[in-house]
Amino acid sequence: MPKNPVNVLNLAQSFADFRQDRNIDAATLVGVIEESFRSVLAKQFGSDENFDVIINPKNGDCEIHRTRTVVPDGEVQDPNKEMTLTEARQIADDYEVGEEVSENLDFSKFGRRAILTLRQTLASKVLELEHDNLYNKYKEKIGQIVSGEVYQIWKSEMLLVDDDNNELLLPKSEQIPGDFFRKGEVIRAVVLRVDNDNNNPKIYLSRTSPDFLRRLLEEEVPEINDGLITVHDIARIPGERAKISVESYDDRIDPVGACVGVRGRRIHGIVHELHGENIDVINYTTNKELYVERALSPAQITSVFLDEENHKAEVYLKPKEVSLAIGRGGVNIKLACMLTGYTIDVFRETEEGGESDDIYLDEFNDEIDQWVIDAFKHAGYETAREVLAADRDRLLKETDLEESTVDNVVKVLNAEFEKE
């Protein structure tokens, strides 16, 4: 075989570099290089059908052979596919009309333009292949945890790079409120989605997705990974609080205890990753009334009535339990609604005499700003009757609030009792 190989090292930097740095296997790269050569040959000669491109997969050396048919002198119609008998006998004097002649072509003699075209074509095809590989790789990882090093921080998003130097985007909206990272730090998140506009993949990550909490649980709780415990539903207010429901398929395993761990060791690792996000774990049940009741824990529920058609739940409990059911800023009931899928309305039970029991101030957070309620609670007032029983001057002094603010609170509280 003639020894005039075209060395791809001069055309595409290094065959080994492509395989190692760009994570392209040899067989695929050989195909890309051959396709690139054929593209240039087709432009140069009008067709590549009669060319053989032979590439050494070890080092990228390439040989190009063109096969043409011998025709009588003066009868050549396609110089790319035919050659005269005189030309053939300059190669070997025993060629006859009708025989095929295979020649080795030195691509480096095709000229600078052809070599430049080859470089551009090869670079374009390799880049396209890299994009395809990157898209397919991360498309399969949607919902899975990945790690990346912080490369650059912008106002609206953060740029990370993975171990293969691929770019990953973590939007501000997908960051936990308590997240604060510096360049060079390695952080974890789940793959949220992969866009591929114009074959230019963009990988978006999330730390606020329920899937992030789900995957962290799988890492910390072996029973989940082994299929002995299932995580049914997850509700999150990122960085603040979350509720998850779990079920065990082994009567010997307490799913809540397994997730929390001895002295809370398992759940503490997750809470640390989520910057102090409190996590409530409850037992899942197909009994919807009981599920709603458990979702509102730590409040003790008296009764639950479901409206399946409208997906609503009416929950009745003692007045002292209402603030627990609603939670600070309404977080507990909001998470319970997210977890169960029901719109939950909370009602206080009243004594038979008709006069309602006292009402916790947190229940008025839809009419009174939470910071105002907190000021009263800080001064030692937990319930509406405690506030109404206090002297106005005393309230002004102890809460350190404006007169109009205190008067408005008293007005709202009085209106509630008058209504009842």
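The structure this text deals with has already been given above.
Quick summary incoming for the structure in this document. The structure presented is a predicted model; accordingly, all values stated were derived computationally and were not measured.

### Details of the packing of aromatic side chains
In this structure the tally under the stated criterion is five aromatic pairs. Here Phe 45 and Phe 51 contribute two aromatic rings whose centre-to-centre distance is 5.2 Å and whose plane-to-plane angle is 35 degrees, an arrangement assigned as tilted. Plain terms: the ring middles of Phe 305 and Tyr 316 are 5.8 Å apart, the flat faces sit at 80 degrees to each other, and that makes the pair edge-to-face. Note that Phe 305 is positioned in strand β14 (residues 303–307) and Tyr 316 in strand β15 (residues 312–317), a separation of 11 residues in sequence. Positioned over the ring face of Tyr 151 is Lys 183, at 5.3 Å from the centre of the ring. Across from the ring centre of Tyr 204, 4.0 Å away, lies the NZ or CZ of Arg 193, which sits over that ring.

### Some remarks on the sheet that holds β15
The strand order β14-β15-β16 describes an open sheet built from three strands, whose pairing is mixed. At either margin of the open sheet sits one strand with a lone partner, and together these are β14 and β16 (343–348). Between one strand and the next, the sheet's axes are offset by a mean angle of 20 degrees, whatever the strand orientation. As defined by bridge partners, β15 adjoins β16 across six bridges and the pair is classed as parallel. Along β16, the bridge assignment pairs Tyr 316 with Phe 347. Where helix α9 (residues 288–295) meets the sheet, it contacts β14, β15 and β16, and its direction lies at approximately 120 degrees from that of β14.

### A look at the sheet that holds strand β8 (residues 167–171)
In spatial order, the strands read β6-β7-β8-β10-β9; together these five strands close into a barrel with mixed pairing. Direction aside, the axes of adjacent strands within the sheet are offset by 55 degrees on average. Sheet analysis places strand β6 (residues 145–153) next to strand β9 (residues 186–195), joined by five bridges and oriented antiparallel. Opposite Ile 145, over in β9, you have Val 190 as the bridge partner. Lying over the sheet, helix α4 (residues 112–139) contacts β6, β8, β9 and β10 (202–206), oriented at roughly 105 degrees with respect to β9.

### Side note on the side chain of Lys 243
Locating Lys 243 in the fold gives a position in strand β12 (residues 241–248). On the basis of relative accessible area, Lys 243 is assigned to the buried category, the value being 1%. Polar contacts involving the side chain of Lys 243 include one to the side chain of Asp 280, which spans 3.3 Å. At a separation of 3.0 Å, a polar atom in the side chain of Lys 243 contacts the main-chain carbonyl oxygen of Ala 295. Setting aside residues no more than four positions away along its own chain, Lys 243 makes contact with Asp 233, Ile 234, Ala 235, Asp 280, Ala 295, Ser 297, Asn 332, Leu 335, Ala 336 and Leu 339.

### As for the environment of Asp 369
On the secondary structure map, Asp 369 appears in the loop between β16 and α12 (370–378). When the C-alpha atoms of Asp 369 and Glu 240 are compared, they prove to be 19 Å apart, with 129 residues separating the residues in sequence.

Cut-off values and rules
Residues numbered from 1 in each chain as written. Predicted model: local features only at pLDDT ≥ 70, side-chain atom pairs only at ≥ 80, totals over all residues. Heavy atoms only, no water. Phe/Tyr/Trp six-rings, centres within 6.5 Å; stacked < 30°, edge-to-face > 60°. Helix = DSSP H or I, 4+ residues; strand = E, 2+ residues; numbered from the N terminus. Lys NZ or Arg CZ within 6 Å of the ring centre and 35° of its normal. Pairing = 2+ DSSP bridges. Axes fitted to C-alpha atoms, helices over the stretch in contact; angles between N-to-C directions. Contact = heavy atoms within 4.5 Å. Buried < 20%, exposed > 50% of the residue type's maximum accessible area, 1.4 Å probe, protein only. Polar contact = N/O pair within 3.5 Å; in protein donor to acceptor, adjacent residues only side chain to side chain.

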